[in-house]
4 protein chains.
Amino acid sequence: METFSHLESEVRSYCRGWPTLFDKARGSHVYDDSGRDYLDFFAGAGSLNYGHNNPRLKAALLDYLSGDSVVHSLDAYTVAKRDFLTTFEEVILKPRGLDYKVQFPGPAGNNAVEAALKLARKITGRETIVSFTNGFHGMTLGALAVTGNSMKRGGAGVPLNHAATMPFDNYMDGKTPDFLWLRSLLEDSGSGLDKPAAVIVETVQGEGGINVASTKWLRGLAELCQEYDILLIVDDIQMGCGRTGPFFSFEEAGIVPDIVTLSKSISGYGLPLALTLFKRELDVWEPGEHNGTFRGFNPAFVTGTVALNAYWRDEVFQKETLAKGDLVGERLGAIADEHAEAGVSTRGRGMARGLVLPNEGEAKQVCAEAFERGLLMETSGPQDEVAKLLPPLTTSVAELEEGLEILAESVRAAVKTPQPA
Amino acid sequence: METFSHLESEVRSYCRGWPTLFDKARGSHVYDDSGRDYLDFFAGAGSLNYGHNNPRLKAALLDYLSGDSVVHSLDAYTVAKRDFLTTFEEVILKPRGLDYKVQFPGPAGNNAVEAALKLARKITGRETIVSFTNGFHGMTLGALAVTGNSMKRGGAGVPLNHAATMPFDNYMDGKTPDFLWLRSLLEDSGSGLDKPAAVIVETVQGEGGINVASTKWLRGLAELCQEYDILLIVDDIQMGCGRTGPFFSFEEAGIVPDIVTLSKSISGYGLPLALTLFKRELDVWEPGEHNGTFRGFNPAFVTGTVALNAYWRDEVFQKETLAKGDLVGERLGAIADEHAEAGVSTRGRGMARGLVLPNEGEAKQVCAEAFERGLLMETSGPQDEVAKLLPPLTTSVAELEEGLEILAESVRAAVKTPQPA
Amino acid sequence: METFSHLESEVRSYCRGWPTLFDKARGSHVYDDSGRDYLDFFAGAGSLNYGHNNPRLKAALLDYLSGDSVVHSLDAYTVAKRDFLTTFEEVILKPRGLDYKVQFPGPAGNNAVEAALKLARKITGRETIVSFTNGFHGMTLGALAVTGNSMKRGGAGVPLNHAATMPFDNYMDGKTPDFLWLRSLLEDSGSGLDKPAAVIVETVQGEGGINVASTKWLRGLAELCQEYDILLIVDDIQMGCGRTGPFFSFEEAGIVPDIVTLSKSISGYGLPLALTLFKRELDVWEPGEHNGTFRGFNPAFVTGTVALNAYWRDEVFQKETLAKGDLVGERLGAIADEHAEAGVSTRGRGMARGLVLPNEGEAKQVCAEAFERGLLMETSGPQDEVAKLLPPLTTSVAELEEGLEILAESVRAAVKTPQPA
Amino acid sequence: METFSHLESEVRSYCRGWPTLFDKARGSHVYDDSGRDYLDFFAGAGSLNYGHNNPRLKAALLDYLSGDSVVHSLDAYTVAKRDFLTTFEEVILKPRGLDYKVQFPGPAGNNAVEAALKLARKITGRETIVSFTNGFHGMTLGALAVTGNSMKRGGAGVPLNHAATMPFDNYMDGKTPDFLWLRSLLEDSGSGLDKPAAVIVETVQGEGGINVASTKWLRGLAELCQEYDILLIVDDIQMGCGRTGPFFSFEEAGIVPDIVTLSKSISGYGLPLALTLFKRELDVWEPGEHNGTFRGFNPAFVTGTVALNAYWRDEVFQKETLAKGDLVGERLGAIADEHAEAGVSTRGRGMARGLVLPNEGEAKQVCAEAFERGLLMETSGPQDEVAKLLPPLTTSVAELEEGLEILAESVRAAVKTPQPA
C-alpha cells in the first residue's frame with residue numbers, strides 16, 4: 001500500500017474508500033490479494049454492466065489476442081471495427097429507427113463529450129452549451145465547463161465559460177413549472193442568455209446523486225430544443241448500455257437526441273472505448289478535424305460486438321434488468337422506511353439506484369460499513385449524501401439480495417436513528 | 001468498405017490513405033483480410049514501439065486475462081498497478097534520478113496534457129501556457145488551445161484562449177537568437193504577455209513535421225523557465241518510451257522537466273494508457289479533483305510492466321535504437337541527395353524521421369506510392385509536406401532496409417525531379 | 001440632414017426617431033433650427049434631471065469658464081474637484097450615513113461599470129458577475145457581458161463571459177419565490193455556478209423596459225449577497241440623482257450597496273462625468289491601476305456641485321419629484337384604462353415611467369405620433385414595447401399635463417383599440 | 001488636500017506627483033490656488049494641444065453656452081454636430097483623400113478603441129486582435145486586453161483574451177527583420193495564431209515610453225495587413241490632432257488605416273469627445289448596436305470645430321509644430337549628451353518627446369525636481385524610465401526654452417553622473 005502513497009498522486013480517490021489490494025474478479029465478485037471476496041455493487045462506475053471478466057466476452061477476447069489479430073490501428077479499417085459497426089447498426093440502431101453516424105472520438109467518455117460539444121458548436125456557429133445542475137460530463141476543459149461540481153471545476157485553473165447551468169428536473173421547489181426559466185430566457189431577446197448551440201443532459205445523473213429526470217421532463221426538453229433549433233445531446237455514458245433497462249436510457253421517453261455519447265460499458269469488458277453518435281445530417285466533420293491515438297482499439301470492438309450479440313438481440317436482458325431494478329428499489333424502500341425518522345429516502349431507475357442519507361457523513365459511513373462487510377459501493381451527490389448502487393446488470397437475484405442485506409446492516413450501523421424519548 | 005462510409009463519421013482520417021481492411025499484425029508487419037503483408041513504418045503514430053503483438057507482452061497479457069485477474073477497477077489499488085508503479089520507479093525513475101509522482105489522468109494523451117495544464121495552473125495561480133509553433137498536444141479544449149494546427153483549432157467552435165505561441169527551435173530565419181522574443185516578453189512588464197503558468201514543449205514535434213529541438217535550445221528553455229519561475233512541461237507522448245533512443249526524449253539534453261506526459265507506447269501493446277508525471281513537491285491535487293473512468297486499466301499495466309522489464313533494464317535497446325536511427329537517417333539522406341534538385345531534405349532524431357518534400361502534394365503522393373508497394377507511412381507538418389517514419393523500434397535491420405528501399409522507389413515515382421534541358 | 005447620412009456611421013440611433021435638427025434648449029424644451037418647440041420627456045435618457053441649460057448651473061459654468069479656471073487636469077487636485085467632493089460628502093453621503101470613497105473612472109457610465117466590476121473581481125479573486133434579465137450596463141466589453149440585450153451583445157464579436165444572468169423581480173410567472181433559483185445555485189456545490197464576485201442590479205431597469213424592482217426584492221437581494229459574501233453593485237446611472245425621488249434609487253429599500261455607479265445627471269448639465277462609489281474598506285486599488293484621460297473634467301464638477309447645493313440640501317425637490325411622479329403615473333393609468341382592450345398597461349416609479357403597448361410596433365408608433373405633436377419620447381424594452389418617459393424632474397406640472405395630453409392623443413392615434421362588433 | 005485622501009479612491013495617480021491644488025490655467029501655464037505658476041509640459045496627457053483655455057475656442061464655447069444652445073442631445077441631429085462633421089470632412093478628410101465615416105462611440109478614448117475592436121471583429125468574424133509590446137489603449141476590458149502594461153492588466157480580475165502581442169518597431173535586438181515573427185505566424189497554418197481580425201497600433205507609443213515606429217515599419221505593417229486581409233487600426237488618440245506635426249500621425253508614412261481612433265485633443269479644449277473613423281465600406285453597424293449617453297456632447301463639437309478651422313486650414317501650424325519639435329529634440333539631445341555616462345538618451349517625434357533615464361527611479365526624480373522648479377511633466381515606459389514631454393503645440397519658443405532649461409537643471413539635480421576616478 002505504501003507503493004501507492006509513495007508513487008501515485010494524491011489525486012487518487014476510489015482507492016481511499018476501499019483500502020485493499022484487488023487481484024481477481026469474476027461476475028459481480030472481486031477478490032483481494034488475500035483472497036477476500038467482495039460483492040461489487042459499483043461495477044467500475046457503470047463500466048461493467050455485464051460483470052467482471054464475462055466469460056463470453058473473455059473467450060472472444062482471448063481468441064482475438066491469441067491469433068495475433070491487430071490490436072492498435074489508429075482509425076484504419078479493420079475487421080474488428082467493421083464487425084462492431086455492422087453489429088451496432090443491426091442490433092441497436094436499426095431496431096430503434098435511429099439513423100446515427102458513429103464517431104470514435106477517443107477512448108474515454110470525456111473525449112465523447114468534447115467531440116459532441118465541438119460538433120454542436122461547429123454546426124450552429126454558436127458557443128453556449130446549456131447544462132444542468134449537478135451534471136457530470138468529464139474533466140477535460142470543454143467537458144468540465146458543463147460539469148456542475150465546484151471542487152472539480154476549481155481544478156481547471158482557468159474560468160470555465162461558454163456554458164449556462166439550468167435546473168435539472170425537480171431541482172427547485174417542486175412547484176415551478178418545467179423549463180419556465182429556460183423558456184423565458186430563450187423567448188426574451190433581452191435575457192442575457194446567448195442562444196445556445198446545444199443542451200447536454202443525463203437522463204439520470206449518476207455522479208450528481210442518482211437524480212432521475214421524468215419522461216415528461218425529457219420530452220419537454222426535447223420539444224424545447226426543437227422549437228428553438230437547439231441541438232439535444234444526451235450523455236448516456238453512465239446510464240446507457242442497459243443501465244436503466246433499455247439500451248439507451250432515453251428510449252423510455254420516446255425522444256431522439258441529435259447527439260448521443262456512449263462509453264463505460266460499451267466495450268463490455270472494462271476496456272476504454274467511447275462513441276459519439278449523431279444524426280446523419282449533422283456529420284459535418286472534416287477528415288481528421290478531431291483526431292487522436294486511441295480512437296477505438298480493436299480488442300474493445302471485439303468484446304463490444306460480443307456483448308451486443310449476447311445481450312441485445314432480444315428483450316430478455318432488458319426485462320431482467322427492469323425486474324432486478326424493481327427488486328433493488330423495493331429493498332431500498334424498505335431500508336428507507338426503517339430509517340424514515342433519519343430522513344433516509346431512495347432514488348433511481350432501473351439498476352441505477354441511490355439511498356439518500358441527508359445527515360452529513362452518513363452516506364460515507366454506510367459505504368465504509370459495507371466495505372467492512374464485503375460490499376463495494378460509493379457515494380455520490382454534491383454533498384456525498386447518496387449511497388450509490390450500480391451493480392452489474394448480470395448480478396443474480398441471490399447476489400442482489402445478499403448485497404442488499406449487507407447494505408441494510410450497514411445502514412443500521414451507520415445511521416443514528418433518533419430514539420424515542 | 002461501404003460499412004465505414006455508411007456508418008462511420010467523415011472525421012475518420014488515417015483509413016483514407018490506407019484503403020484496405022486490416023486483420024492481423026505481428027512485429028513490424030500488418031496483414032489485410034486478403035492476406036496482403038504491409039511493413040508498418042507508422043506504428044500507431046508511435047504507439048507500438050515494441051511492435052505489433054509483441055510476444056513477451058502478449059504472453060503476459062493472455063496469462064493475466066485467462067486467470068480472471070481484475071481488468072477494470074477505476075483507480076482502486078490492484079496488484080497490476082502496484083507492479084507497474086514499482087517497476088516504473090525501479091527501472092525508469094530511480095536510475096535517472098527522477099523523483100516524480102505518477103498520475104493516471106485518463107486513457108489518452110490528451111488526458112495527460114489536460115491534467116498537466118490544470119496542475120500547472122493550480123500550482124501557480126496563473127492561466128497562460130506558452131506553447132510552440134506546430135506543437136501538437138490533443139483535441140480536448142485545454143490541449144487544443146496549445147496545439148498549433150489551424151484546421152484542428154477551427155474544430156473547437158469557441159475561441160481558444162489562455163495560451164501564447166512562441167517560435168520553436170530554428171523556426172524563424174536561423175539568425176534570431178534563441179528565446180530572444182520570449183525572454184523580452186518575460187523581462188518587460190509592458191510586453192502584454194501575462195506571466196505564464198508553464199511552458200509545454202515536445203523535444204521533437206511529431207505531428208508538426210519532425211521538427212527537432214537541439215539540446216542547446218532545450219537547455220536554454222529549461223533555464224529560462226527556472227529563471228522566471230515557470231513550470232516546464234515536456235509532452236513526451238510521441239517521443240518518449242524510447243522513440244529517440246533514451247526512455248525520455250529529454251534525457252539527452254540533461255534537463256529535468258517539472259511535469260512530463262506519457263502515453264502511446266507506455267502500455268507497449270497499443271492499449272490506452274496515459275501518465276502525467278510531476279515533481280513530488282508539485283503534487284497539490286485534492287483527492288478526486290481530476291477523475292475519470294479509465295485512469296489505468298490493468299491489462300495495460302501488465303503489458304507496460306513487461307515492456308519496462310524487457311527493454312529498459314539495460315542500455316542494449318536504447319543503443320540499438322540509436323544505431324537503427326542512424327541507419328534510417330543515412331538512407332533518408334541518400335534519398336534526399338538523389339532528389340536535391342526537387343528540394344528534398346531530411347529531419348529527425350533516433351527513430352523519428354522525416355523526409356521533407358516541399359512541393360505541394362508530393363509527400364502525400366510518396367505515402368500513396370509506398371502503400372501501393374506495401375509500406376505504411378503518413379505525412380505530417382502544417383502543409384503535409386513531410387513523409388514521416390516511426391517504425392517500431394524492434395524493426396530488424398533487414399526490415400528497415402526493405403522499407404527504405406520501398407520508400408526510395410516511392411519517392412522516385414512521386415517526385416518530379418527537374419530534368420536537365 | 002444629408003450631412004449625417006453621408007458622414008456619420010449607421011450606428012446612430014436616437015436621431016432616427018427625431019428627424020430634425022436641434023439647436024436650442026431651455027428647461028424641458030428643445031428647439032429645432034426652424035424654431036419649432038418640442039417638449040422633452042426623454043431628457044438625454046435621464047442625463048438632464050435638472051432640465052436643459054438650467055440657469056443656476058449655467059451661471060456657475062459660464063463664470064468658471066470665463067475666469068480661465070482650469071478645465072482639463074487629468075486627475076490632479078483642483079479647487080473644482082475639491083469643492084465637488086466636499087459637497088458630495090456633506091450633501092449626499094453624510095446625511096445618508098454612507099461612508100463611500102469616490103472613484104472617477106472615466107467620463108461615461110460604462111467606465112463606472114467597468115471599474116466596479118474590476119474592483120469586485122480584484123477584491124474577491126472571483127470572476128463571475130451575476131446580472132439580471134434585461135439589465136443594461138454599457139457597451140464596453142466588461143459592461144456588455146452583464147447587459148441582456150441580444151442585439152447589443154452580438155456587436156461584441158467575441159463571446160461574452162464571466163457573467164450569469166438571473167431573473168429580475170417578477171420576471172417569471174409571478175408565483176416563483178424570489179431568488180429561489182439563485183439561492184439554490186449558491187447553496188448547491190454541484191450547481192455549476194462558480195461563486196460570484198458580485199451582483200450588479202438596477203433598481204428600475206430603464207433600457208430594459210421600466211421594470212421596477214420591489215423594495216422587498218431588493219432587500220432580499222441585499223440579504224442574499226451578505227449571506228453568501230457576494231458584493232452588491234447598484235448601477236444607479238439612470239435611476240440615481242433623483243429620478244425615482246430620493247438621490248439614490250436604493251434608499252427607499254433601505255439597503256446599502258457595496259458599490260454604486262453614477263453618471264448621466266451627476267454633472268447636472270449633460271456634461272460627461274461618472275462616479276464609482278464603494279465602501280471605504282473596499283478601496284484596494286493601486287495608484288493608477290485604472291486610469292484614463294477624462295476622469296472628471298472640472299466644468300462638470302462645477303455644475304455638479306451647484307446641482308447638489310441647489311436641489312439636495314433639503315427634501316423639497318425629492319418630494320416634488322414624487323408628487324410629479326404620482327401625477328404622471330395617474331395620467332398614464334388613465335391612458336392605459338382607455339386602451340385596456342389593447343392590453344395597454346403602465347410601469348414605473350417616481351419620474352421613470354412607461355406605457356406598455358404589447359402589440360408589435362405600437363410603442364414606436366406612439367413615439368412617432370408624439371414627435372409629430374412636439375413631444376420627445378423613446379421606446380425601451382426587449383421588443384421596444386414600452387413608451388418611456390423620463391421628463392426632467394424640473395418639468396412644471398403644467399408642462400407635464402401638456403405632454404401627457406399629447407401622449408394621450410398619440411396613443412389614440414397609434415393604438416388600434418379593438419372595436420365592439 | 002486631506003479632502004482627497006479622505007474621499008477619493010487610492011486609484012488616483014497624477015495628483016501624487018503634483019502635490020498642489022490647481023485653480024487657473026492659460027495657454028501653457030497652470031496656476032495653483034496660491035497663485036504659483038507652472039509651465040505645463042504634459043498638457044493633459046496630450047489633451048490640450050492648443051493650450052489651456054485657448055481664447056478662440058473659449059469665445060465660441062462661451063457664446064454657445066450663453067445662448068442656450070443645446071448641450072446634451074444623445075446622438076440626435078444638432079447644428080453643432082452638423083458643423084463639426086462638415087468641417088471635419090472639409091478640413092481634415094477631403095484634403096487627405098480619406099473617405100471615412102465617423103462614429104461617436106462615447107466620450108473617452110477607450111470607447112473609441114472598444115468600438116474599433118468590435119467593428120473589426122464583426123466585419124471579419126474573427127476574434128484575435130494583434131497588439132504590440134508596450135501598447136496602451138485603455139482600461140475597459142476590450143481595450144485592456146490589447147494594452148501591454150502588466151499592472152493595469154492585473155486590474156482586470158479576469159484573464160484578458162482574444163489578443164496576441166507582437167514586437168513593436170525596434171523592440172528586440174535591432175537585427176531581427178521587421179515582422180519576421182508575425183509574418184511567420186500568418187504564413188504557417190500550424191503556428192497557433194488564429195487569423196487576426198485586426199492589428200491595433202500607435203505610431204508613437206506615448207504611455208509605452210515614447211517609442212517611435214519608423215515610416216518603413218508602419219508601411220511594412222500596412223502591407224502585411226493588406227496581404228493577409230487583416231484590418232489595420234491606428235490608435236491616434238494621443239498622437240493625433242497634430243502632436244507629431246500632421247493632423248494624423250500616420251500621414252508621414254503614407255498609409256491609410258482601415259480604422260482610426262481619435263480623442264484627447266479632438267475637442268481642443270479638454271472636453272471629453274472621441275471618434276472612431278473607418279472606411280466607408282466598413283460601416284456595417286446596425287442602428288444602435290453600439291450606443292451610450294455621451295457620444296458627442298455639443299460644446300465639444302463647438303470647440304472642436306473652431307480648433308479645426310483655426311489650426312488646420314493651412315500648413316502653418318503643422319510646420320510650426322515640426323520646428324518646435326526639432327527644437328525640443330535638439331535640447332533634449334544636449335541634455336542626453338551631458339549625461340551620456342549615465343546612459344541618458346532621447347526619443348520622440350514632433351512634439352512627443354522623451355528623455356530616457358535608465359537608472360531606476362531617476363526619471364521619477366527628474367519629474368519631481370521639475371515640479372519643484374515649476375514644470376509639469378510625467379514619466380512613462382514600463383519601468384517609468386522615460387521623462388515624457390507633451391507640451392501644448394501652441395507653447396511659444398520662449399516657453400519651450402524656459403521649460404527645457406528647467407528640465408536641464410532637474411536632470412542635473414536628479415542624475416548621479418558617474419564621477420571620474
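Residues numbered from 1 in each chain as written. Chains lettered and ligands numbered in written order. Predicted model: local features only at pLDDT ≥ 70, side-chain atom pairs only at ≥ 80, totals over all residues. Heavy atoms only, no water.

**Considerations on empty space enclosed by the protein**
Following the criterion strictly, the structure yields 13 cavities of 30 Å³ or more and no others. Approximately 550 Å³ is the volume found for the largest cavity. Looking at the lining of the largest cavity, the elements with two or more residues in it are helix 7 (141–144) of chain A, helix 7 (141–144) of chain B, helix 7 (141–144) of chain C together with helix 7 (141–144) of chain D. (1 Å grid on protein atoms, 1.4 Å probe; cavity = no way out; pocket = protein on both sides within 12 Å on 5 of 7 lines; lining within 4 Å. Points joined across faces, edges and corners; volume = space filled by probe spheres on them. Helix = DSSP H or I, 4+ residues; strand = E, 2+ residues; numbered from the N terminus.)

**Some words on helix 14 (residues 397–414) of chain D**
If you check helix 14 of chain D, its first and last C-alpha atoms are 25 Å apart, about what 18 residues at 1.5 Å a residue would give, namely 26 Å. The complete set of buried residues in helix 14 of chain D reads Glu399, Leu400, Gly403, Leu404, Ile406, Leu407, Ala408, Ser410, Val411 and Ala414 of chain D. (Expected span 1.5 Å × (residues − 1). Buried < 20%, exposed > 50% of the residue type's maximum accessible area, 1.4 Å probe, protein only.)

**Some points on helix 11 (residues 298–311) of chain D**
Residue and element names in this part refer to chain D. An ideal rise of 1.5 Å per residue puts 20 Å on 14 residues; helix 11 measures up with 20 Å between its terminal C-alpha atoms. Most of helix 11 is tucked away, with 12 of its 14 residues classed as buried. Along helix 11, the positions that sit buried rather than exposed are Asn298, Pro299, Ala300, Phe301, Val302, Thr303, Gly304, Thr305, Ala307, Leu308, Ala310 and Tyr311. If you follow the buried residues of helix 11, they end up packed against helix 4 (55–66), helix 5 (79–93) and helix 12 (316–338). (Contact = heavy atoms within 4.5 Å.)

**Here we look at the sheet that holds strand 14 (residues 352–356) of chain A**
Residue and element names in this part refer to chain A. The sheet built from 4 strands is open, its strands ordered 13-14-17-16 with antiparallel pairing. Only two strands of the sheet have a single partner each, and these edge strands are strand 13 (345–349) and strand 16 (378–380). Taking the axes of each pair of neighbouring strands and ignoring which way they run, one obtains an average angle of 30 degrees across the sheet. (Pairing = 2+ DSSP bridges. Axes fitted to C-alpha atoms, helices over the stretch in contact; angles between N-to-C directions.)

**Some remarks on the nonpolar core**
Within soluble globular proteins, side chains that are nonpolar tend to cluster in buried spots. Within the largest apolar cluster, 499 residues are counted, with the highest numbers of intra-cluster contacts made by Phe88 of chain A, Phe88 and Leu407 of chain B, Phe88 and Leu407 of chain C together with Phe88 and Leu407 of chain D. When near neighbours in sequence (up to four residues on either side) are disregarded, leucine 407 of chain D contacts Leu332, Ile335, Leu355, Val366, Leu375, Met377 and Leu389 of chain D. (Core = buried A, V, L, I, M, F, W, Y, C linked by side-chain atoms within 4.5 Å.)

**Regarding the environment of proline 196 of chain C**
Residues and elements named next belong to chain C. In this fold, proline 196 is placed in the loop between helix 9 (180–187) and strand 7 (198–201). On the basis of relative accessible area, proline 196 is assigned to the buried category, the value being 0%. Ignoring sequence-local partners within four residues, the contact set of proline 196 consists of Arg126, Thr128, Val130, Leu186 and Ile230.

**Here we look at the environment of arginine 26 of chain C**
When you line up the elements, arginine 26 of chain C lands in strand 1 (residues 22–26). A distance of 2.8 Å separates the side chain of arginine 26 of chain C from the side chain of aspartate 68 of chain D, its partner in a polar contact. (Polar contact = N/O pair within 3.5 Å; in protein donor to acceptor, adjacent residues only side chain to side chain.)

**Some remarks on the packing of aromatic side chains**
Inspection of the entire model under this criterion finds 94 aromatic pairs over all chains. Between tyrosine 38 of chain D and phenylalanine 371 of chain D the ring centres are 5.1 Å apart and the planes differ by 15 degrees, which places this aromatic pair in the stacked class. Remark: phenylalanine 371 of chain D occurs in helix 13 (residues 362–372) and tyrosine 38 of chain D occurs in strand 3 (residues 37–40); sequence separation between them is 333 residues. Per residue, the accessibility class of tyrosine 38 of chain D equals that of phenylalanine 371 of chain D, and both read buried. Here the aromatic cluster, defined as three or more aromatic residues joined through ring pairs, consists of Tyr50, Phe84, Phe88, Phe104, Phe247, Phe248, Phe250, Phe301, Tyr311, Trp312 and Phe317 of chain A. A cation sits over an aromatic face here: arginine 56 of chain D above tyrosine 311 of chain D, 6.0 Å from the ring centre. (Phe/Tyr/Trp six-rings, centres within 6.5 Å; stacked < 30°, edge-to-face > 60°. Lys NZ or Arg CZ within 6 Å of the ring centre and 35° of its normal.)

**Side note on the domain arrangement of chain A**
Residue and element names in this part refer to chain A. Domain assignment breaks chain A into domain 1 (2–54 + 315–414) and domain 2 (58–311). Every contact between the two is made by 34 residues of domain 1 and, on the other side, 29 residues of domain 2. Of the roughly 2600 Å² buried at the junction of domain 1 and domain 2 (both faces included), carbon and sulfur atoms supply 49%. Summed over the shared surface of domain 1 and domain 2, the number is 2 salt bridges. (Domains from an automatic or database assignment. Buried area = accessible area lost by both parts, 1.4 Å probe. Salt bridge = Lys/Arg side-chain N within 4 Å of Asp/Glu carboxyl O.)

**Let's talk about the interface of chain B and chain A**
When the parts of a complex come together, some accessible area is lost, and that lost area is often used as the size of the interface. In this assembly, 105 residues from chain B lie in contact with 105 residues from chain A. Taking both partners together, chain B and chain A bury about 9600 Å²; carbon and sulfur atoms supply 60% of that area. For chain B, the biggest contributors to the area lost against chain A are Leu7, Asp68 and Tyr77 of chain B; these three give 9% of the whole. Counting across the chain B and chain A interface gives 8 salt bridges. Across the salt bridge formed by lysine 58 of chain A and aspartate 68 of chain B, the nearest N and O atoms sit 2.8 Å from each other. Across the side of chain B that touches chain A, the residue classes break down as 47 nonpolar, 31 polar and 27 charged. (Nonpolar A, V, L, I, M, F, W, Y, C, P; charged D, E, K, R; others polar.)

**Focus: the pairing of strand 1 (residues 22–26) of chain B**
Residue and element names in this part refer to chain B. Both strand 1 and strand 2 (residues 29–32) contribute to a ladder of 4 bridges, which runs antiparallel. If you follow lysine 24 over to strand 2, its bridge partner there is tyrosine 31. From the end of strand 1 to the start of strand 2, which pair antiparallel, there are 2 residues, and glycine 27 there has a positive phi angle of about 55 degrees.

**Things to note about the relation of the copies chain B and chain A**
Mapping chain B onto chain A leaves a residual RMSD of 0.0 Å; the transformation is a rotation of 180 degrees accompanied by 0.0 Å of translation along its axis. Here the transformation between the copies is reduced to the relation of a two-fold axis. Taking the C-alpha atom as reference, chain B places leucine 141 of chain B closest to the rotation axis, 2.7 Å from it. The share of interface residues of chain B whose copies in chain A are also at the interface is 100%, consistent with both copies meeting through the same surface. (Least-squares fit on C-alpha atoms with pLDDT ≥ 70 in both.)

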